[in-house]
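# Notes for the structure review
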Amino acid sequence: QVQLVESGGGLVQPGGSLTLSCAASGGIFTIDTMGWYRQAPGKQRELVARITPRGTTHYADSVKGRFTISRDNAKNTVYLQMNDLKPEDTAVYYCNADGSVWRAHQLFQFNDWGHGAQVTVSS
């Protein structure tokens, strides 16, 4: 499987900022859409933001104007800049990516997830 490693999570006060990074590796040939999802305790996993290879973005209504998703295609990395964080943003944030990967000299399609990064917003 493709390896997606999130970093940058942590504890932040309400109104603060945090940036998450997700680097993909593992014989990747192409990466298509990348996105960030989150899951709070007792709640369903929800889409936070996604971005296409050409930079088209989509955001959940709850984070519009506060979060910015971006990507560095050369580094196979997607970022999530989170500003004006609120307690309700507390969740495990998961990176997602799809694309194609080399396996035994053949290309396979993938859609994989990172293990998650904890973001806690609390005074």
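Structure's up top.
Residues numbered from 1 in each chain as written. Predicted model: local features only at pLDDT ≥ 70, side-chain atom pairs only at ≥ 80, totals over all residues. Heavy atoms only, no water.

If you tally the helices and strands in the chain, you get zero helices and eleven strands. Scanning the chain from its N terminus toward the C terminus, one meets helices and strands in the order β-β-β-β-β-β-β-β-β-β-β. Computed over the C-alpha atoms, the radius of gyration of the chain is 15 Å, within 12% of the 14 Å expected from 2.2 N^0.38 for a compact globule of 123 residues. Once the C-alpha set of the chain is aligned to its principal axes, its extents read approximately 50 × 25 × 25 Å. Residue burial in the chain is summarised as follows: out of 123 residues, 41% are buried. With the model as given, the accessible surface of the chain reaches about 6600 Å², and the carbon-plus-sulfur share is 49%. Here the chain contributes 11 positively and 10 negatively charged side chains, and the mean placements of these two sets differ by 2 Å. (Helix = DSSP H or I, 4+ residues; strand = E, 2+ residues; numbered from the N terminus. Rg over C-alpha atoms; globule rule 2.2 N^0.38 Å. Buried < 20%, exposed > 50% of the residue type's maximum accessible area, 1.4 Å probe, protein only. Areas by Shrake-Rupley, 256 points an atom, 1.4 Å probe, with all protein chains shown as cover. Lys, Arg positive; Asp, Glu negative; His and termini not counted. Charge placed at Lys NZ, Arg CZ, Asp CG, Glu CD.)

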